[in-house]
Number of protein chains: 2
Amino acid sequence: MSPKVSKEHLEQRRAKIVEAATQVFIEHGYERTTMKHVMDAADVSRGGLYQYFSNKEDLFEAILADRLLIDVAKTDQLLKEKVESYWDLLLSRIFGESKEPSDHMDPLAASNLEFFITGRNDQRRRNYAQERYSFALKLYANIIEAGQQSGEFSNKQSGEMIARSIITFIDGLALDHAILPKEDVKLKEQSSLLIEYLRLALEVKN
Amino acid sequence: MSPKVSKEHLEQRRAKIVEAATQVFIEHGYERTTMKHVMDAADVSRGGLYQYFSNKEDLFEAILADRLLIDVAKTDQLLKEKVESYWDLLLSRIFGESKEPSDHMDPLAASNLEFFITGRNDQRRRNYAQERYSFALKLYANIIEAGQQSGEFSNKQSGEMIARSIITFIDGLALDHAILPKEDVKLKEQSSLLIEYLRLALEVKN
DNA sequence: TATTATAACGACATTAATGTCGTTTTACAA
DNA sequence: TTGTAAAACGACATTAATGTCGTTATAATA
């Protein structure tokens, strides 16, 4: 039963497909992307592609899973490095290492929204969405609630609700970013408003 | 049922199609809806349907246009009735007549997002989206800026940016509402948070 | 009542994407 | 080398939706 090709080879090929597919999804979006697009981009035949992924959904979920892993690793890193202040931790979580608002948006974000919104009538897809939401929620809520425990943040507002509102706002930004010209979204400025709001709601000194 | 015209019959038939199509879009979403669905729901033949709308996009845009008209009428009504305070006006604009957060969401909202997000690579669709965004922006910004002029609102923050952030947040709510269970979106509570934020940002007395 | 313009119909050709399967190729073990 | 398991291939059958067009039915008109 020994395989005819090495495990590395299989993983390399899979990785190549995933990488190519990611680019395709970024370019065409989830719905418009076809397996043919991926075949061409990854330079693989139809049969070859289906050997690794049984359909577009399977492929996209693989991409999501890969990226979630990376994200989790980064978060762990974050938690190990920064404990100076929960405020800084929160900003790092929202904006990444720089802790500063920027005009950058994950290029796959739009396809992501598309994936979940067009699949909203599918129970499986809904469950998946909720899982990811809960995960993100916990991430934010944990930081905020810890900050409230420590006295760094006010607890006038429920930490969980603030966490939810952060997610809502970021989702709104991703959505608008996907559709509208940069001049309208004003990603950076709106992110600053978000910070301003959090400062007020959590009564952060600094 | 009604050959060789009579303007009323034509309009009635068109209206029937639009109404049926609206229900279909609500049920299946924009992408999954097919002309066959609409034919069945409106009890009209393929040829009959295409006599009124040349494709799904055309049909959906007709629905959007119809609804925009209604919305504009309501807004005009609002402006003529309420000028007591800009704060009330703003709340009416956001939440409707009740001026109160609720758990209700336009049932077509999800298809709407879908329409724009899946069509984001089409220039025509983008232009359309931007037009509607500008329209909504102006609506909010006008109220806020008038309130700032009158001294009712603080002008520490740019009225336009606050207007943009309102839209962003509402878009985020619509998106999350489309995908997640009610228990996670907590529409009403999050809307209350939005009010709280606006109160702070605009330094509303009351 | 007869005429006629055209709304409504539905069969059909077209297009496009999907997933399968029999065949070919190839990497590895023997 | 050589034999072989299975990776990779690509043709193909299938499915599904689209928009068109020739035909049919009928409301308005004279």
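Computed from a prediction, not measured in an experiment: that's the story for all the values here.

S.K.: Looking at this structure, how should I read the interface of chain A and chain B?
M.R.: Many structure descriptions define interface size as the accessible area lost when the parts assemble. Counting residues at the interface gives 45 residues for chain A, matched by 45 residues for chain B. Contact with chain B buries area across many residues of chain A, yet Arg120(A), Ile179(A) and Leu193(A) alone supply 15% of it, more than any other trio. Put simply, chain A and chain B have 6 salt bridges between them. Among the ionic pairs, Arg32(B) bridges to Glu31(A), the shortest N-O distance being 3.3 Å. Counting across the chain A and chain B interface gives 14 residue pairs in polar contact (both at pLDDT 80 or more). Here the side of chain A that touches chain B is built from residues that sort into 19 nonpolar, 11 polar and 15 charged.

S.K.: It is not clear to me how the UniProt feature "domain: HTH tetR-type" (unreviewed entry) in chain A should be interpreted in this structure. Could you clarify?
M.R.: The sites that UniProt annotates as "domain: HTH tetR-type" (unreviewed entry) are residues 11-71 of chain A. Helix makes up 87% of residues 11-71 of chain A and strand 0%, whereas the separation of the span's terminal C-alpha atoms amounts to 20 Å.

S.K.: What's the story with the packing of aromatic side chains in this structure? I'm lost.
M.R.: Centre distance and the angle of the planes are the two values used to describe a pair of aromatic rings. Here the structure, examined in full by the defined rule, presents 17 aromatic pairs over all chains. Each ring, one from Phe25(B) and one from Phe60(B), has its centre 4.9 Å from the other, and the planes form 85°; the classification is edge-to-face. One end of the pair, Phe25(B), is in helix H1 (residues 7-28); the other, Phe60(B), is in helix H4 (residues 56-81), and 35 residues separate them in sequence. With respect to class, Phe25(B) is no different from Phe60(B); both count as buried. Centroid distance Phe60(B) to Phe115(B): 4.7 Å. Interplanar angle 35°. Geometry classified as tilted. One end of the pair, Phe60(B), is in helix H4; the other, Phe115(B), is in helix H6 (residues 109-118), and 55 residues separate them in sequence. Take Phe60(B) and Phe115(B): they sit in the same class, and that class is buried. Aromatic ring contacts, followed pair by pair, group Phe25(A), Tyr30(A), Phe60(A), Phe115(A), Phe116(A) and Tyr128(A) into a single cluster. Over the aromatic face of Phe115(A) sits the side chain of Arg125(A), whose NZ or CZ is 3.9 Å from the ring centroid.

S.K.: Which parts of the structure should I look at to understand helix H5 (residues 86-95) of chain A?
M.R.: Spacing of three or four residues puts side chains on the same side of an α-helix, whose turn is 3.6 residues. Residues and elements named next belong to chain A. Of all 10 residues in H5, 9 are buried; the element is thus mostly enclosed. Those residues of H5 lying buried are Trp 87, Asp 88, Leu 89, Leu 90, Leu 91, Ser 92, Arg 93, Ile 94 and Phe 95. Buried residues along H5 sit in contact with helix H4 (56-81), helix H7 (123-149), helix H8 (159-179) and helix H10 (187-202). Once H5 ends, the next one or two residues include Gly 96, with phi positive near 90°.

Rules behind the numbers
Residues numbered from 1 in each chain as written. Chains lettered and ligands numbered in written order. Predicted model: local features only at pLDDT ≥ 70, side-chain atom pairs only at ≥ 80, totals over all residues. Heavy atoms only, no water. Contact = heavy atoms within 4.5 Å. Buried area = accessible area lost by both parts, 1.4 Å probe. Salt bridge = Lys/Arg side-chain N within 4 Å of Asp/Glu carboxyl O. Polar contact = N/O pair within 3.5 Å; in protein donor to acceptor, adjacent residues only side chain to side chain. Nonpolar A, V, L, I, M, F, W, Y, C, P; charged D, E, K, R; others polar. UniProt positions renumbered as here; feature names shortened; annotations may be inferred. Helix = DSSP H or I, 4+ residues; strand = E, 2+ residues; numbered from the N terminus. Phe/Tyr/Trp six-rings, centres within 6.5 Å; stacked < 30°, edge-to-face > 60°. Buried < 20%, exposed > 50% of the residue type's maximum accessible area, 1.4 Å probe, protein only. Lys NZ or Arg CZ within 6 Å of the ring centre and 35° of its normal.

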